[in-house]
Amino acid sequence: MKKLMTGNEAIARGAWEAGLHVAAAYPGTPSTEILENLAAYKEVYSEWATNEKVALEVAAGASMGGARALCAMKHVGLNVAADPLFTLAYTGVSGGLVVVTADDPGLFSSQNEQDNRFYASHAKLPMMEPSDSQECLDFAKEAFELSERFDTPLLFRVSTRICHSKTLVVEGERREVAVRPYSKDCAKYVMAPANAKKRKGAMTERIAAMKEFSEETPLNRVERGGDIGIITSGVSYCHAREVFGDGASYLKLGFSWPLPEKKIRAFAASVKTLYVIEENEPYLEDFVKSLGITCTGREKLPWIDELTPERVQRAFFGEEGEPSGSTEINVPPRPPVLCAGCTHRGFFYELGKYGDVVVTGDIGCYTLGTVPPLSVTDSVVCMGASVSMGVGFSKAAERAGRGEKVFAVIGDSTFFHSGITGLIDAIVNKAPIVVNILDNRITAMTGHQENPGTGRTLMGEPTHQVDLRALCAACGVKEENIRTIDPYDLTATREAIRAGHDAAEPFVIITTRPCALIKEVIKRRANMKCRVDEDKCVKCKLCLKAGCPALNFRGGRVYIDRATCNGCAVCMQICPKKAILREGE
């Protein structure tokens, strides 16, 4: 019986069927649901790790201990995990080790479009690329076999469209795989230079064997059609198929490092015209051209954004025809905005009153502090960069004799991920910045995952809840320089920001209030609504400066949408005429 599954669901199912024992990840769209689904399989130990590096090292330790292990992350997360990744390519594995990297062509939820296929060739790791959910399941099962066969971690590369699209899948049964016995082997796992040199020799032998496998495996298959030949992989294969249909021949690469040189040469020689269709970088195209084979790819395909059948159609056929499945529906734009009742809004509103403040931002919901009408954030680069960049900016301003005050804004999960080291740097190097930890008691932007501050594990077990205030004090922030506030209380928020602004030493503000979209919070605040007393309202529109989507000005009056409002009362505190009232308290 077939079942509709997203790629993420299918990866989790395939890993479970393969006898997976241990899984770790840090949530990041588009990969988040892999671990959320694995957590439902009780035969697998699953955890949200502190960051991607920790996740890979947890999985690597499990593999060394003989267990089949998986870690998953979005594309930029692999940058965080790159340090152990490259060395694990030397050590090899005991139990199979699969590293899922989910790329994001089109920047749906990311700060760049980096192409992680190059990690495979750079680190010398075998790579698999499924094209639909069935292949996600089947390839995941095969991945563990190949990892153990070649004694290497395996890179499992997917993309947003694969992760989130649903296709029909045939499920199988779980194969129970025993955890391999552990025996001490320093020459394999202790990567001191002398051992690493020997392990690199073993890697060279492994690569030769994988190249031979790449030529023979049905994961790399030829589909015969017309005289036009298309080399492709991943979701690009589906797009090419939709546009060219049976009128072309295809070399579909499911095992995409090492690439099959002989198979590519033979395929190119069998067609009159050769196209390479792929997203992001010319990874396949450059390899094909390095073999001296003429092909067309990047000169026709766009350099930015994800591919779609329509884009492939335009690239190779202009405006002629229309790919099947096209639609005339134009979805209206929906600009990103902090949710109604967002716990970050009041903080940004008060911070925006200072003209001499530079706000270094971070990855999370609070990135939206850069959006009008709040418009307070100056930079967003990567996880944890708000604090470290804040230190650097403050030092530059000091050298230049300028008076900007730096406020670094970071969320609770992101602080645990990679903000702690930046805070230590600020303290040790006496940077008088204000580190603002916006603690909404969840990892919100990726869909409400647990983190070290929530007191629960991914598998739903109660656990130690890390105390942010105590942690900051342990890092060296003076007790008098730490403020914990309720961000719905604008008076307390205003006073804390003023104290931080005037401080000559590292200062920390922790705003603590659960995310407004947590189910329990929604239930608790269901009857709390704000309304406008029209007799008192003077239509000054100051309340609109908070940027709440529940507030509108239409028909000549200020209007609060009761279906959206959750009674946070930030607007009520802003209104100078006390024309906004709250019900349901």
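Keep in mind the model is a prediction, meaning the values are calculated, not measured.

Asker: What should I look at first to understand the environment of W257 in this one?
Answerer: One can find W257 in strand β12 (residues 255-257). In this structure the C-alpha to C-alpha distance between W257 and N220, which are 37 residues apart in sequence, comes to 11 Å. Apart from the residues lying within four places of it in its own chain, the contact partners of W257 are A120, S121, K124, L125, P126, M127, I207, M210 and Y283.

Asker: Whenever I open this one, the sheet that holds strand β14 (residues 357-360) confuses me. Can you help?
Answerer: Two pairing modes exist for strands in a sheet, parallel and antiparallel, and in both the strands are linked by backbone hydrogen bonds. Overall, parallel pairing links the 5 strands, which are arranged β14-β15-β16-β18-β17 in an open sheet. The open sheet has two free edges, formed respectively by β14 and β17 (482-485), since each of these has just one partner strand. Strand after strand, the sheet turns through a mean of 20 degrees between neighbouring axes, direction not considered. Both strand β15 (residues 405-411) and strand β16 (residues 434-439) contribute to a ladder of 5 bridges, which runs parallel. Counterpart to V409 in the pairing with β16 is N436. The strands touched by helix α18 (residues 468-475) are β16, β17 and β18 (507-512); relative to β17, the strand with the most contacts, the crossing angle is about 170 degrees. Lying over the sheet, helix α19 (residues 490-502) contacts β14, β15, β16, β17 and β18, oriented at roughly 165 degrees with respect to β17.

Asker: Explain unusual backbone geometry to me, please; I cannot follow it from the model alone.
Answerer: As a rule of thumb, non-glycine residues mostly have phi less than zero, and peptide bonds are mostly trans rather than cis. The amide bond that connects W257 to the next residue, P258, takes the cis arrangement and shows omega of -5 degrees. Tracing the backbone shows P258 in the loop between β12 and α12 (261-269). Put simply, P372 and P373 share a cis peptide bond, and its omega is 5 degrees. Phi at D151 takes a positive value of approximately 55 degrees, unusual for a residue other than glycine. Tracing the backbone through its elements, the reader meets D151 in the loop between α7 (133-149) and β7 (154-159). Take D151: its relative accessible area is 23%, and that puts it in the partly exposed class. We note that R441 has phi near 60 degrees; this positive angle belongs to a residue other than glycine. Here R441 is to be found in the loop between β16 and α18.

Asker: In this structure, what is going on with helix α1 (residues 7-17)? I would like to understand it.
Answerer: Because an α-helix completes one turn every 3.6 residues, residues spaced three or four positions apart along the sequence face the same direction. Most of α1 is tucked away: 10 of the 11 residues are buried. Where α1 is concerned, the buried positions are G7, N8, A10, I11, A12, R13, G14, A15, W16 and E17. Directly beyond the C-terminal end of α1, a positive phi value near 90 degrees is found at G19.

Thresholds, definitions, all that
- Residues numbered from 1 in each chain as written.
- Predicted model: local features only at pLDDT ≥ 70, side-chain atom pairs only at ≥ 80, totals over all residues.
- Heavy atoms only, no water.
- Helix = DSSP H or I, 4+ residues; strand = E, 2+ residues; numbered from the N terminus.
- Contact = heavy atoms within 4.5 Å.
- Pairing = 2+ DSSP bridges.
- Axes fitted to C-alpha atoms, helices over the stretch in contact; angles between N-to-C directions.
- Buried < 20%, exposed > 50% of the residue type's maximum accessible area, 1.4 Å probe, protein only.

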